[in-house]
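Overview (structure and organization)
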Amino acid sequence: MNVQDAVSVLNAELMVRGDGFLKDIKHVVASDLMSDVLLVDEDDMLLLTSLASDQVLRTAQIVGAVAVIVVNGKSLPSSMKQVATDLGMTLAVSQQSKFDACIAIHHAMSK
Amino acid sequence: MENAAPQSTATPIMPEKSAGKTSPADIRHQPLVLLELIQRLKVRDVMTRDVICLERCIPLWEAQRLMKEKHISGIPVVEDGRLYGLISTDDIICAIEGGYIAQPCGHYMTTKLVVLEDDMPLSFAIQYFDRFHFGRFPVLNRERALVGIICQRDINRALLDELSEEFNRMEKSSARSMQQELDTSTYMLRDFPVAKYDFENAGKAANAIKTAMIERKFSPKVVRRVAVAAYELEINLCVHSNGGILSWQINNGRSEIVAKDEGPGIEDIAWACRDGTSTANEWIRSLGFGAGLGLVNVKRVSDEFEITSAVGVGTTVRSVVNIGTPSENQET
């Protein structure tokens with residue numbers, strides 16, 4: 001499954017198409033705690049979070065995530081799109097809850 | 001408002017602190033030096049501390065007289081240090097028109113107030129002047145006591161003073177940068193100032209460090225360790241300190257990051273370095289940080305880790321990662 005597929009599975013609205021849009025996702029991390037995300041040592045990671053802030057993108061960039069999907073239909077601060085563009089990070093928003101999003105992604109990756 | 005006061009107390013609408021992450025376009029397009037300045041300066045640095053106040057029982061005509069005499073357009077209504085409301089020129093005009101200028105201020109004051117906290121960055125104040133179009137904002141401290149008032153004239157005056165000092169600092173910094181440019185690609189030294197609660201810019205230093213290492217073709221594994229250490233320390237400076245400097249150098253196959261702040265210092269270093277312990281407040285936690293994992297994580301990714309601190313003086317954290325040279329890196 002690549003980032004494009006994940007966006008599709010979650011019926012997410014694509015806000016920024018980043019450099020890793022067609023990259024395969026090897027790991028998925030779902031967290032609102034950026035301190036936890038920073039502990040993850042996995043490459044090509046998708047971050048699911050209900051936190052909508054610039055720091056989510058910066059954290060994702062530091063750990064080498066390929067995309068951030070904001071769940072719970074959170075509205076994004078106006079600066080977030082620009083930061084995602086600057087970082088080359090794919091950014092999308094899904095109306096699904098984090099729990100449902102995790103299940104949907106798990107099912108899709110298990111196929 | 002915490003510690004809700006009696007019924008007639010003002011209902012301050014506290015600014016959403018997370019709003020500090022987003023600036024109006026006119027703020028974002030300011031020169032960087034100005035952006036840094038409005039993040040570094042706190043509301044308390046700019047506000048007028050000697051606030052002219054009234055008590056609720058004082059008649060409105062006295063407020064009118066004070067406004068005329070002191071050339072001010074709004075007077076907080078305060079008792080025992082607590083803010084109850086505000087009388088503005090609009091309230092006075094209404095009182096004159098309505099024929100109740102002799103009535104007490106407490107009956108006709110504005111009670112739904114937007115207030116600022118004294119330790120907020122100046123950028124908040126600028127955003128709130130833009131958003132609410134008020135002439136002034138009362139300023140409260142953490143105990144919710146009125147400690148000042150801020151108007152746009154205060155901001156203009158403070159910015160002019162600070163800009164002058166900032167340009168002097170920049171001239172000195174520029175001379176230092178020129179010296180750094182002489183360094184070779186295997187030796188780098190960079191300083192990044194980090195301001196307290198400056199979430200708009202927090203992470204940019206770590207991003208710059210990561211980018212510089214990628215450009216020098218260090219392996220992703222090494223880059224990640226250095227970037228994580230830099231980011232955690234940068235966020236720590238932003239969240240826990242009164243501001244400081246994140247310094248980074250690579251030399252002789254080692255990346256060294258030093259985060260040095262100007263206080264408040266750590267009372268119990270062993271406690272602070274324990275997994276899950278943090279002094280971060282709810283606001284910081286709502287931004288996804290403050291779980292007490294930062295220093296633990298820095299230690300985890302570092303080959304050498306050192307922390308010294310003195311309460312009231314400051315804290316210095318040093319993280320070293322053995323990175324080798326880019327060519328050695330690629331071989332591993």
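To be clear, the structure that these remarks concern was listed above.
Report follows, based on the coordinates. Here the residue numbering is sequential within each chain, running from 1 through the sequence in written order. As a convention, the first chain written is A and the first ligand written is 1, with the rest following in written order. Thresholds applied to this predicted model are a pLDDT of at least 70 for local features of residues and 80 or more for the giving and counting of side-chain atom pairs; totals over whole chains, interfaces and linings are not thresholded and use all residues.

All names here are of chain A. The exposure label follows from counting other C-beta atoms within 10 Å of a residue's C-beta, where the C-beta atoms are placed from the backbone and the thresholds are 20 or more for buried and 12 or fewer for exposed, leaving partly exposed in between. Here a helix means four or more residues in a row that DSSP labels H or I, a strand means two or more in a row labelled E, and each is numbered from the N terminus. Both faces of strand β4 (residues 67-70) are covered, namely the face carrying Ala67 and Ile69 and the face carrying Val68 and Val70. DSSP bridges decide pairing: two strands pair if at least two such bridges lie between them. Two elements, strand β3 (residues 45-49) and β4, share four bridges in a ladder whose sense is parallel. Within β4, the position partnered with leucine 47 by the bridge is valine 68. One ladder, built from four bridges, connects β4 with strand β5 (residues 90-93); its direction is parallel. From the neighbouring strand, valine 68 faces β5, where its bridge partner is leucine 91. Tracing the backbone out of β4, into helix α4 (residues 78-87) and back to the parallel element β5 gives a crossover that is right-handed. For a crossover, the right-handed case is the one in which the path from the first strand over the helix to the second runs clockwise, viewed with the strands pointing away from the viewer.

Here the phi dihedral of asparagine 72 of chain A falls at roughly 60°; this positive angle occurs in a residue that is not glycine. Residue class for asparagine 72 of chain A comes out partly exposed when judged on the 18 C-beta atoms lying within 10 Å of it. Phi angles above zero are rare outside glycine, and asparagine 252 of chain B is one such case at about 50°. Position of asparagine 252 of chain B among the secondary structure elements: in the loop between β9 (244-251) and β10 (254-261).

This next bit is on the packing of helix α10 (residues 220-240) of chain B against helix α13 (residues 294-301) of chain B. Residues and elements named next belong to chain B. It is at 9 Å that the axes of α10 and α13 come closest, and there the two elements cross at 155°. On the basis of their axis angle, the class for α10 and α13 is roughly antiparallel. Crossing handedness for the pair α10 and α13: left-handed. Across the interface between the two elements, Arg225, Val228, Ala229, Glu232, Leu233, Ile235 and Asn236 from α10 touch Gly294, Asn297, Val298 and Val301 from α13. Asp, Glu, Lys and Arg are counted as charged, while Ala, Val, Leu, Ile, Met, Phe, Trp, Tyr, Cys and Pro are counted as nonpolar; the rest, among them Gly, fall into the polar class. Residues of the contact of α10 with α13, tallied by class, amount to six nonpolar, three polar and two charged. What counts as an axis is a line fitted to C-alpha atoms, over the stretch in contact for a helix, and the angles between N-to-C directions run from 0 to 180 degrees. Orientation labels follow simple angle bins: below 35 degrees gives roughly parallel, above 145 gives roughly antiparallel, 65 to 115 gives roughly perpendicular, and whatever is left gives oblique. By convention the crossing between two helices is left-handed if the near helix lies anticlockwise of the far one by an angle smaller than a right angle, and right-handed if it lies clockwise. Distance between backbone-placed C-beta atoms decides contact: two residues are in contact if it is within 7 Å.

Moving on: the interface of chain B and chain A. Taken together, the contacts link 22 residues of chain B with 20 residues of chain A. For the side of chain B that touches chain A, the residue count by class is 11 nonpolar, seven polar and four charged.

Residue and element names in this part refer to chain B. If you walk across this open sheet you meet the three strands as β5-β6-β7, and the pairing is mixed. Here the strands that pair on one side only, and so sit at the sheet edges, are β5 (116-117) and β7 (146-151). With two bridges joining them, β5 and strand β6 (residues 136-140) adopt parallel strand pairing. Pairing of leucine 116 across the sheet is with valine 139, part of β6.

This next bit is on helix α7 (residues 122-132) of chain B. All of the buried residues along α7 of chain B are Leu122, Ser123, Phe124, Ala125, Gln127 and Tyr128 of chain B. Phi turns positive, to about 55°, at histidine 133 of chain B, one or two residues after α7 of chain B.

All names here are of chain B. With antiparallel pairing, five strands are arranged side by side in an open sheet as β8-β9-β10-β12-β11. Only two strands of the sheet have a single neighbouring strand rather than two, namely β8 (188-194) and β11 (304-310). Here the strands of the sheet are splayed against their neighbours by 10° on average, with no regard to which way each runs. Of the strand pairs in this sheet, β9 and β10 are connected by eight bridges, and their pairing is antiparallel. Its bridge partner lying in β10, glycine 244 is registered against aspartate 261. Contacts from α10 reach β8, β9, β10 and β12 (314-322), with the element oriented near 5° to β10.

Attention now goes to the nonpolar core. Note on terminology: a nonpolar core is any set of buried Ala, Val, Leu, Ile, Met, Phe, Trp, Tyr and Cys residues joined through C-beta atoms within 7 Å. Core analysis: the biggest nonpolar cluster contains 78 residues, and Leu46, Leu57, Val68 and Ile69 of chain A together with Val226, Ala230 and Leu246 of chain B have the highest contact counts within it. Ignoring sequence-local partners within four residues, the contact set of leucine 46 of chain A consists of Val3, Ala6, Ile25, Val28, Ala65, Val66, Ala67 and Ile69 of chain A. Of all hydrophobic cores here, the second largest spans 33 residues; its members include Leu83, Tyr84, Leu122 and Ile149 of chain B.

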